[in-house]
Amino acid sequence: MEKQLSHINQRGEAAMVDVSAKAVSSRVAVASGLVVFPEDVFNILKEGQFTNKKGGIIQTAVIAGIQAVKKTADLIPLCHQLALSKIHIDIQPKENCLEITCTVKCNERTGVEMEALTGVSVSALTIYDMCKALSHEIVIDRIQLNHKSGGKSEFNR
């Protein structure tokens, strides 16, 4: 079977996929990404327990990511509105970076990959916003889908 873009119709126009004939199934997606800091900036953040004048950096980014997951269909034009059953965002300090992982679950006719990727992206952007006063050399890197299950295909990176 030849692969083709699912959001482009036969006339080459953008189109939302019709999922009405699909069966409802349990769907899970996990995405991740990194916010990489210059070493001196990371050390300042670590010494301050990842808080600054704007508040707790990690907790604020978790809340922003959760809000973003719930707004994915408003941000990505061809995404479906989904009744989400679980959103979990984990942010862990690693060597000179914060690693973000977002897990999203639902029982629906379409998957939650875009929701997981959106959660990571907005969490990373929130971290950048809260830390940019220390450096503009902060890099958001490797936002990727790690896992998806449910529906007709599985994916594991």
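Data block above holds the structure.
Residues numbered from 1 in each chain as written. Predicted model: local features only at pLDDT ≥ 70, side-chain atom pairs only at ≥ 80, totals over all residues. Heavy atoms only, no water.

Q: Looking at this structure, how should I read helix 2 (residues 57–70)?
A: If you check helix 2, its first and last C-alpha atoms are 20 Å apart, about what 14 residues at 1.5 Å a residue would give, namely 20 Å. Those residues of helix 2 not exposed but buried are Ile57, Ala61, Val62, Ala64, Gly65, Ala68 and Val69. (Helix = DSSP H or I, 4+ residues; strand = E, 2+ residues; numbered from the N terminus. Expected span 1.5 Å × (residues − 1). Buried < 20%, exposed > 50% of the residue type's maximum accessible area, 1.4 Å probe, protein only.)

Q: Could you clarify how one ought to interpret the pattern of salt bridges in this entry?
A: Pairing of side chains with opposite charge becomes possible as their charged atoms draw close. Summed over all chains, the structure comprises four salt bridges. One salt bridge in this structure joins Arg11 and Glu13, with 2.9 Å as the shortest N-O distance. Look at Arg11 and you get exposed, because its relative accessible area is 66%. Here Lys94 makes a salt bridge to Glu99, at a shortest N to O gap of 3.9 Å. We classify Lys94 as partly exposed; its relative accessible area is 43%. (Salt bridge = Lys/Arg side-chain N within 4 Å of Asp/Glu carboxyl O.)

Q: Would you mind going over the side chain of Ser123 with me for this structure?
A: Considering the arrangement of structural elements, one finds Ser123 in helix 4 (residues 113–131). There is a polar contact of 3.0 Å between the side chain of Ser123 and the backbone oxygen of Ala61. Not counting residues up to four positions away in its chain, the partners in contact with Ser123 are Ala61, Gly65, Ile89, Ile91 and Ile100. (Polar contact = N/O pair within 3.5 Å; in protein donor to acceptor, adjacent residues only side chain to side chain. Contact = heavy atoms within 4.5 Å.)

Q: Would you mind going over the nonpolar core with me for this structure?
A: In summary, soluble globular proteins display a tendency toward joint burial of nonpolar side chains. Counting 31 residues, the largest nonpolar core has Phe37, Ile91, Ile100 and Ile127 as the members making the most contacts within it. Counting only elements with at least two residues in this core, the list comes to strand 1 (25–36), helix 1 (39–47), helix 2, strand 4 (84–94), strand 5 (97–108) and helix 4. With seven residues, helix 4 is the single largest residue contributor to this core. Here Ile100 is in contact with Ala31, Ser32, Gly33, Val35, Ile89, Asp90, Ile91, Val120, Ser123, Ala124 and Ile127, once residues within four sequence places are set aside. (Core = buried A, V, L, I, M, F, W, Y, C linked by side-chain atoms within 4.5 Å.)

Q: What is the right way to look at a nonpolar patch on the surface in this model?
A: Where nonpolar side chains cluster on the molecular surface, the patch consists of Leu125, Ile140 and Ile143 and spans about 230 Å² of accessible area. Here Ile140 shows up in strand 6 (residues 139–149). On the accessibility criterion, Ile140 (32% relative accessible area) is partly exposed. (Patch = residues over 30% accessible without salt bridge, like charges linked within 9 Å, V, L, I, M, F, W, Y side chains within 5 Å. Areas by Shrake-Rupley, 256 points an atom, 1.4 Å probe, with all protein chains shown as cover.)

Q: Help me understand unusual backbone geometry, please; the structure alone is not making it clear to me.
A: Of all residues except glycine, most have a negative phi; of all peptide bonds, most are trans. A positive phi angle, near 55°, is found at Gln49, a position not held by glycine. Counting through the fold element by element, Gln49 comes out in the loop between helix 1 and strand 2 (51–52). Classification of Gln49 as exposed rests on a relative accessible area of 66%. Positive phi outside glycine occurs at Arg142, with the angle close to 55°. Residue position: Arg142 is located in strand 6. Look at Arg142 and you get exposed, because its relative accessible area is 54%.

Q: What is the right way to look at the side chain of Thr72 in this model?
A: As for its position among the elements, Thr72 is in helix 3 (residues 72–75). Take Thr72: its relative accessible area is 1%, and that puts it in the buried class. If we skip the residues at most four places from it in the chain, Thr72 touches Cys79, Met114, Glu115 and Thr118.

Function-wise, these values are silent; they only describe arrangement.
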